[in-house]
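# Descriptive structure summary
Given next are the chains, with one letter for each unit.
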Number of protein chains: 2
Amino acid sequence: MATQTSADDIFKEFKEHSISQFFRKNSQMLGYSGRVRSLTTVVHEWVTNSLDACEEAGILPEISIEIKELAEGKYSVRNTDNGPGIPPKLVGKALATVLAGTKFHRYMQQRGQQGIGAAGCTMFAQITSGKPIRVKSGTGKQAFECDLTIDIKSNKPLVTNSQEIGNSFKGLSVYGEFGDVKYENSDHGIYEYLRRTALSNPHCSIKLTEPDGKEVAFPRSISDVPKRPKLTKPHPLGIGTSDLLDFAHSSASRKVSSFMVDTFTRVSQNKVDELRAIVKDVDFEKEPKLLTWAEAERLVNGFKQLKWIAPDLDTLSTIGEEQIKATIKNILNPAFMSVVERKPKVFRGGIPFVVESGIAYGGSAGRETTEGVKGTILRFGNKVPLLFDGSVCAISQAVNSIDWKRYGIKDFDQEPISVMVNVSSVYIPYSGVGKQAIAQEPEIIEEIKLSVMDCARSLQRHISNQKNINMQATKYNTIMRYVSQLALNLSEITSEKKESIEKGLKEVVEKRYRKLVDEEQKSADAAAAASDEAQQEEAAEE
Amino acid sequence: MATQTSADDIFKEFKEHSISQFFRKNSQMLGYSGRVRSLTTVVHEWVTNSLDACEEAGILPEISIEIKELAEGKYSVRNTDNGPGIPPKLVGKALATVLAGTKFHRYMQQRGQQGIGAAGCTMFAQITSGKPIRVKSGTGKQAFECDLTIDIKSNKPLVTNSQEIGNSFKGLSVYGEFGDVKYENSDHGIYEYLRRTALSNPHCSIKLTEPDGKEVAFPRSISDVPKRPKLTKPHPLGIGTSDLLDFAHSSASRKVSSFMVDTFTRVSQNKVDELRAIVKDVDFEKEPKLLTWAEAERLVNGFKQLKWIAPDLDTLSTIGEEQIKATIKNILNPAFMSVVERKPKVFRGGIPFVVESGIAYGGSAGRETTEGVKGTILRFGNKVPLLFDGSVCAISQAVNSIDWKRYGIKDFDQEPISVMVNVSSVYIPYSGVGKQAIAQEPEIIEEIKLSVMDCARSLQRHISNQKNINMQATKYNTIMRYVSQLALNLSEITSEKKESIEKGLKEVVEKRYRKLVDEEQKSADAAAAASDEAQQEEAAEE
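Right, let's get into the overall build of chain A. Along its length, chain A carries 14 helices and 18 strands. Overall, chain A is about 115 × 70 × 70 Å in size when its C-alpha atoms are taken along their principal axes. Expressed as a percentage of the 542 residues in chain A, the buried residues total 47%. Relative to all contacts within chain A whose residues are 6 or more apart in sequence, the contacts with residues 24 or more apart total 72%.

As a further point, take the relation of the copies chain A and chain B. Copy one and copy two of the chain differ by a rotation about a common axis and a shift along it. Its rotation angle being 180 degrees, the transformation that places chain A on chain B also includes 0.1 Å of axial translation and leaves an RMSD of 0.3 Å. In the structure described here, the two chain copies are related by an operation that fits a two-fold rotation axis. A shared binding surface is used by both copies, with 100% of the interface residues of chain A retained as interface residues in chain B.

For the rest of this paragraph, the subject is the interface of chain A and chain B. The partner chain B presents 58 residues to the 57 residues of chain A that form the contact. For the side of chain A that touches chain B, the elements supplying multiple residues, two or more each, are α1 (7–10), β1 (15–16), α2 (19–25), α3 (35–57), β4 (100–101), α5 (117–129) and α7 (241–249) of chain A. Broken down by element, the side of chain A that touches chain B gets its largest block of residues, 3 residues, from α1(A). Looking at side-chain class alone, the side of chain A that touches chain B contains 25 nonpolar, 24 polar and 8 charged residues. In this structure, β1(A) lies alongside strand β4 (residues 100–101) of chain B, joined through 2 bridges in antiparallel fashion. Considered in β4(B), the bridge of A:Lys15 is made with B:Gly101.

In this section: the packing of helix α3 (residues 35–57) of chain B against helix α5 (residues 117–129) of chain B. All names here are of chain B. Their axes nearest at 9 Å, the elements α3 and α5 cross at an angle of 140 degrees. The angle between the axes of α3 and α5 places the two elements in the oblique class. For the pair α3 and α5, the sense of crossing is left-handed. For the pair α3 and α5, the contacting residues are Val-42, Glu-45, Trp-46, Thr-48 and Asn-49 in the first and Gly-117, Ala-118, Gly-120, Cys-121 and Phe-124 in the second. Tallied by class, residues from the contact of α3 with α5 come to 5 nonpolar, 4 polar and 1 charged.

In an α-helix, one turn spans 3.6 residues; hence positions three or four apart end up facing the same way. All names here are of chain A. The end-to-end C-alpha separation of α3 is 34 Å, in line with the 33 Å expected for 23 residues at 1.5 Å each. Burial runs high along α3: 21 of the 23 residues are buried. Positive backbone phi, at 75 degrees, marks Gly-58, one or two positions downstream of α3.

Moving on to the domain arrangement of chain A. A common way to express how large an interface is: the accessible area buried when the components associate. In terms of domains, chain A is made up of domain 1 (19–218), domain 2 (236–305), domain 3 (314–450) and domain 4 (461–541). Distance from the C-alpha centre of domain 1 of chain A to the C-alpha centre of domain 2 of chain A: 41 Å.

All right, on to the sheet that holds strand β9 (residues 205–209) of chain B then. All names here are of chain B. Strand order in the open sheet made by the 8 strands is β7-β6-β5-β8-β3-β2-β9-β10, with mixed pairing throughout. Each edge of the sheet is formed by a strand with only one pairing partner; in this case those strands are β7 (156–164) and β10 (215–218). Here the average twist between neighbouring strands, direction ignored, is 15 degrees. The sheet contact formed by strand β5 (residues 133–138) and strand β8 (residues 171–178) spans 5 bridges and is antiparallel. Bridging across to β8, Arg-134 finds its partner in Tyr-175. Here α3 sits on the sheet and contacts β2 (62–71), β3 (74–81) and β8; the angle it forms with β3, its principal contact strand, is near 10 degrees. Packing of helix α6 (residues 190–200) onto the sheet brings it into contact with β2, β9 and β10, and relative to β9 it is tilted by some 170 degrees.

Time to look at the nonpolar core. Grouped together as the largest cluster of nonpolar side chains are 234 residues, with contacts concentrated most on A:Ile395, A:Ile438 and B:Ile438. Sequence-distant contacts of A:Ile395, that is, excluding residues within four places in its chain, are made with A:Ile377, A:Arg379, A:Val421, A:Val423, A:Ile438 and A:Ile448.

Our focus in this paragraph is the confidence of the model for chain A. Residue and element names in this part refer to chain A. On average, residues of chain A score 87 in pLDDT, and 94% of them reach the 70 mark or higher. Mean pLDDT in chain A bottoms out at helix α14 (residues 498–541), which sits at 69, and peaks at strand β3 (residues 74–81), which reaches 98. In the predicted assembly, ipTM is 0.79 and pTM is 0.82.

With that settled, consider the environment of B:Gln485. Relative to the helices and strands, B:Gln485 is located in helix α13 (residues 442–494). Remark: the alpha-carbon pair of B:Gln485 and B:Glu502, spanning 17 residues in sequence, is separated by 8.9 Å.

Another point: the pairing of strand β11 (residues 336–341) of chain B. Residues and elements named next belong to chain B. Among the 6 residues that make up β11, 5 are buried, leaving the element largely enclosed by the rest of the structure. Two strands pair when backbone bridges link them, and β11 and strand β13 (residues 351–361) are joined in this way by 6 bridges, in the antiparallel orientation. By the bridge assignment, Val-340 is partnered in β13 with Ser-357.

Residue and element names in this part refer to chain A. Bridge analysis of strand β5 (residues 133–138) against strand β6 (residues 143–151) gives 6 bridges, and the strand direction is antiparallel. In the sheet register, Val-135 faces β6, and the bridge partner there is Cys-146. A loop of 4 residues connects β5 with β6, the two strands running antiparallel in sequence, and Gly-140 in this loop sits at a positive phi of about 100 degrees. Once β6 ends, the chain turns through 4 residues before running back antiparallel as strand β7 (residues 156–164), passing Asn-155 with a positive phi of about 55 degrees.

Residues and elements named next belong to chain A. Pairing in this open sheet of 8 strands is mixed, and the strands run β7-β6-β5-β8-β3-β2-β9-β10 from one edge to the other. Every interior strand has two partners, whereas the edge strands, β7 and β10 (215–218), have only one. On average, each strand axis in the sheet is inclined to that of its neighbour by 15 degrees, with strand direction left out of account. Note that strand β2 (residues 62–71) and strand β9 (residues 205–209) share 5 bridges and pair parallel. Bridging from a neighbouring strand, Ile-63 pairs with Ile-206 of β9. Relative to β3, α3 is tilted by about 10 degrees, and along the sheet it contacts β2, β3 and β8 (171–178). Together, β3, β5, β6 and β8 form the strand contacts of α5, whose direction differs from that of β8 by roughly 30 degrees.

So, about unusual backbone geometry. Residue and element names in this part refer to chain A. Positive phi, normally seen in glycine, also occurs at Arg-266, with a value near 70 degrees. Along the chain, the position of Arg-266 falls in the loop between α8 (256–263) and α9 (269–278). For Asp-389, which is not glycine, the phi dihedral falls at a positive 55 degrees. Turning to its location among the elements, Asp-389 is positioned in the loop between β17 (384–386) and α12 (394–400). With 24 C-beta atoms counted inside 10 Å, the residue Asp-389 sits in the buried group.

This part is about the environment of A:Gly115. Residue and element names in this part refer to chain A. One can find Gly-115 in the loop between β4 and α5. The class for Gly-115 is buried, based on 23 C-beta atoms found within 10 Å. The spatial distance from the C-alpha of Gly-115 to the C-alpha of Asn-330 is 34 Å, given a sequence separation of 215 residues.

The rules we used
Residues numbered from 1 in each chain as written. Chains lettered and ligands numbered in written order. Predicted model: local features only at pLDDT ≥ 70, side-chain atom pairs only at ≥ 80, totals over all residues. Helix = DSSP H or I, 4+ residues; strand = E, 2+ residues; numbered from the N terminus. Buried ≥ 20, exposed ≤ 12 C-beta atoms within 10 Å, placed from the backbone. Contact = placed C-beta atoms within 7 Å. Least-squares fit on C-alpha atoms with pLDDT ≥ 70 in both. Nonpolar A, V, L, I, M, F, W, Y, C, P; charged D, E, K, R; others polar. Pairing = 2+ DSSP bridges. Axes fitted to C-alpha atoms, helices over the stretch in contact; angles between N-to-C directions. Parallel < 35°, antiparallel > 145°, perpendicular 65-115°, else oblique. Left-handed = near helix turned anticlockwise from the far one by under 90°. Expected span 1.5 Å × (residues − 1). Domains from an automatic or database assignment. Core = buried A, V, L, I, M, F, W, Y, C linked by C-beta atoms within 7 Å. pLDDT = per-residue confidence, 0-100.

Shown next, in the form of structure tokens:
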């Protein structure tokens, strides 16, 4: 046996590390893998922040993105918005500290939810170009510029070259230089990212200046500011024992009963009394700080036995049926489309979410490839396009699990079809830190499936109508050719005028024919509905 | 327009968060998603740590895992090893602090590389069962027991109920209780995880006690301690500008020239002189602390123009060709197998890695399903089985991109074939924190593809031999039936004995037949080699 090394020797090398050191070493986990994806990730993070800031401040967003090629593999990106800006004393923490921000701890639907993205951009700039990012911020009260880097060992911001610039600028402008990146007009490139952002944010005006100087505008198609995301409290059904204890132990309420009313949505004094009747062995008068694990477990089990009003709809901000229709029409101009927004559901017991979906068919729907047009899935999480890691995403899994043949689509991959799905929630369970795929929670997959099948039902009718119309047109033309010949022959036998015989015959045919058409339509509809119902039942049973 | 909210109001809610708070909220990113996967993740983290500790200490590992069902959805896990143990003063940091450990900052091939896994288990125990983990550790000098939890807000360990227990126990035993989990004997379950761990760690003895009390043993198939992972220095070709600056700014060397010799592998004084001849505008006598980005960039570009000896093989610890063969035979007992270990390569310029692969065909190879046996890919990173997220893994992508028809496999998904791939490196670029898939680095994918194709070439010969043997056996039997009949007829005409005629005829046939068999074999081999060469060239060009 080889000589052994002791624990003391091994643990001489024991050290602690900062989260920024971790992501510096594993930047692929933030989306910085591959030259094209890395550049798209920068734009994704900055645009997401701009949209969130504008939405929270109640401002109609105007965002411009300028990309320049500095050298082979080196590009600069400037992102400018008309949002609320960042106060000077917080700009370092907001853009150059990993895991700091306003979003992580609040129950509010926003695109960002971690406090990692913007700091990740700053770090990616400094480790690939050696340069700080340049920030210009105007809050309306003050405007200033500064350079920012992260001290990676300590995860602290370094602010330099700070200067006030009067009060002419309102909003936030961020400029960075990046190495190991590439601008490419592909499915995973910035152009496509912004096109999809425009699709899911019709209230937003986006301008892109490409490296070759070409300017692309995605104008807004509606001028309503989306309702501000509403801060909410957690729903009792979304709470585990450990969550309840965390809330209780940091609560300022005097009693367990008032703590529950103060902390959760949908909990009234009456509800607490209902709970008290079920959960006998917990003292509702004691201080919440003194709650034990066993007691909290009993309360959580008690929650599950009560009837609850569904979580508050107001906390969820969707794109909206009309808006989706308008933008699908603008961008894909399909021969057919169907859009469905379903009611909010919950996952993991009580976290509310809502699914919107749309199907576009024909026109510019689908994805152009060298082998022809293919079916495509446009994925969105809180209105943010998800361009990467589709194979592990709940949306792809749901759409791919649908038996498309039942809806008249022989091979999803070979048809001009776009399926768009947006999942909105106060908390979207992303599968990775880079937030490009939604984790495969069964409730979310089922709801997406039902929603897309809802659209697919309309598509099925459209396709079967098209088929019927084509078939009927063929039949009709065939019959009419016979009618004409028949009229000629009858005219010769009876010496009546061909025209009048033909007219009479045509009337008879038209009358019978219309009736036939209606009947065929009805039976096709019924067959479609039956097939769809069968699949819906299967989905619900899964 | 809606009323606007100011930056000051928005940023009132600004907060910083700890890495443990982040992973408590996003535990799915650590692998805690789904009941079965969550329980497997616990075992994965603890077993991985045991194997690393034993390897570093030079101990032949004996690991036992005991799973008990406590209630519906609640299980306990105990993992006991005979490793070096953890010194008392570090046990809290090692098992209950996210991002602390001995692995993150060292250039050494180990299974763990982040300092997240074990702390993740502790956190998962406390948030699903409310209970600390119970640790027993013996270093040979001291043995003790204690309870451990993480203070999630501060990411600090809380050690309670600590007591010395004499010196009878050597090793580490960790016990935890977990909610929201499930034991299941499936492709993603603990049994399969340990079976694959045994496959890739033939020196390890593993015992599993299942919840129903059944004991399963995976005995070791070799008794050599694997060579201890060697600490190495980074190779100059694996270094970016930012890395070089980081090293330079924290270096104790007096001059840039000596700093380079001290910091990197394969850099001699001669190499520095070669570099000096190419990179004119850097002062090699100045202090490394004073190196600028521009200078570091010039040095990195200079590195690329020099010829370098390949990275040190000793830093890479593989399973080994013979060991893989032994375990494949033990576990899959296939009709055919082929194993290949290729030379180390580098990715991202200079991070060394090595690929081992094996193909098993027939016998118990492949994956049993209700629809029959299917082809399967067994993925390993630094000898650790990767059970999840296969669809985004470099290994799957490489194996699926092979044109299997060229190797006699008509449909990979329908044949009794197992392809095993182990990637070893000081740094494996995992796609997520949960370390279940290798990021799709082009150099890694290409090398895996070449390695598997190497094995597939032997498989092709085997399959074509089998076909020939079958075909020839049929021909031979047919001819021999005629020979017997012919001998009878000749015997009747010539009055010679049938037996002697038959013997003569058979000798003639045998002689001719053997010659034919040899020729057919040669031409089949030549065709296989030509087809494979064509694909290898294609792969190398990609």
